[in-house]
Amino acid sequence: MPYIEQDKVDAKTREKLEAIIEKSYKTFWQGKRLFDIFFATLILLFFLPLMFIIAIVIVIDDPSAGPFYKQVRVGRHGKEFYMYKFRTMRANADQMIDELVKKNEMDGPVFKMKEDPRITRVGKILRKLSLDELMQFFNVFKGDMMNFSKVTVLYIKSGIACP
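Report follows, based on the coordinates. (Residues numbered from 1 in each chain as written. Predicted model: local features only at pLDDT ≥ 70, side-chain atom pairs only at ≥ 80, totals over all residues. Heavy atoms only, no water.)

## Here we look at helix H2 (residues 93-100)
All of the buried residues in H2 are Ala93, Met96 and Leu100. Down the axis of H2, the buried set is contained in an arc of 55 degrees. They therefore lie on one face. In H2, the exposed positions that point more than 90 degrees away from the buried face belong to Asp94, Gln95 and Asp98. (Buried < 20%, exposed > 50% of the residue type's maximum accessible area, 1.4 Å probe, protein only. Helix = DSSP H or I, 4+ residues; strand = E, 2+ residues; numbered from the N terminus. Arc of directions from axis to C-beta.)

Written as structure tokens, this is what we have:
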């Protein structure tokens, strides 16, 4: 394991430390997964009525497509998954990008406009309140994404969780 400086520890101690680190790594991710399932379930149950209303309002505002948007993302260990959100843009938003690229306010591959005409009326409100992100708790529940806390970030930054 890369966590132990080989020349500073004898073989017996190194084996014990490696076993402790490996168990800690496995225990952390199992506990993290249990927390994610529990927390996502609570959030989804609590916000389900609101999510149902949001879905109906999106369809009423722009009936040309469904209320959900899905996009392929890359998760842990390079695994691809569909990330779900509430739809905040028109159904043909991807085709409109060629016309709007000259109005891009950002450099690089990111596209950003202050007054993006692709965003629906309901979409502006959902984005302002970050309600379009609620669907991502389904991804957390499925295990494609995870909730992050300061403890998780510190654990990952310490190198223990990242082999």
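Now that the structure has been shown, we can carry on.
## Brief notes about the pattern of salt bridges
For the structure on display, the rule yields seven salt bridges. Between Asp61 and Arg121 there is a salt bridge, and its shortest N-O distance comes to 2.6 Å. Here the residue Asp61 occupies a position in helix H1 (residues 11-61), and Arg121 occupies one in helix H3 (residues 121-128), the gap between them amounting to 60 residues. In this structure, Lys142 engages Asp144 in a salt bridge whose closest nitrogen and oxygen atoms are separated by 3.3 Å. (Salt bridge = Lys/Arg side-chain N within 4 Å of Asp/Glu carboxyl O.)

## Overview of a nonpolar patch on the surface
On the surface, Phe52, Ile56 and Ile60 cluster together into a nonpolar patch covering about 330 Å² of accessible area. Structurally, Phe52 is set in helix H1. You can call Phe52 exposed: its relative accessible area is 56%. (Patch = residues over 30% accessible without salt bridge, like charges linked within 9 Å, V, L, I, M, F, W, Y side chains within 5 Å. Areas by Shrake-Rupley, 256 points an atom, 1.4 Å probe, with all protein chains shown as cover.)

## Regarding the pairing of strand E2 (residues 80-86)
Direction of pairing for strand E1 (residues 68-74) relative to E2: antiparallel, over a ladder of seven bridges. Paired with Tyr69 across the strands is Lys85, a residue of E2. (Pairing = 2+ DSSP bridges.)

## Let's talk about the side chain of Gln136
With respect to the helices, strands and loops of the structure, Gln136 is situated in helix H4 (residues 136-142). A polar contact is formed between the side chain of Gln136 and the side chain of Glu133, at a distance of 2.7 Å. (Polar contact = N/O pair within 3.5 Å; in protein donor to acceptor, adjacent residues only side chain to side chain.)

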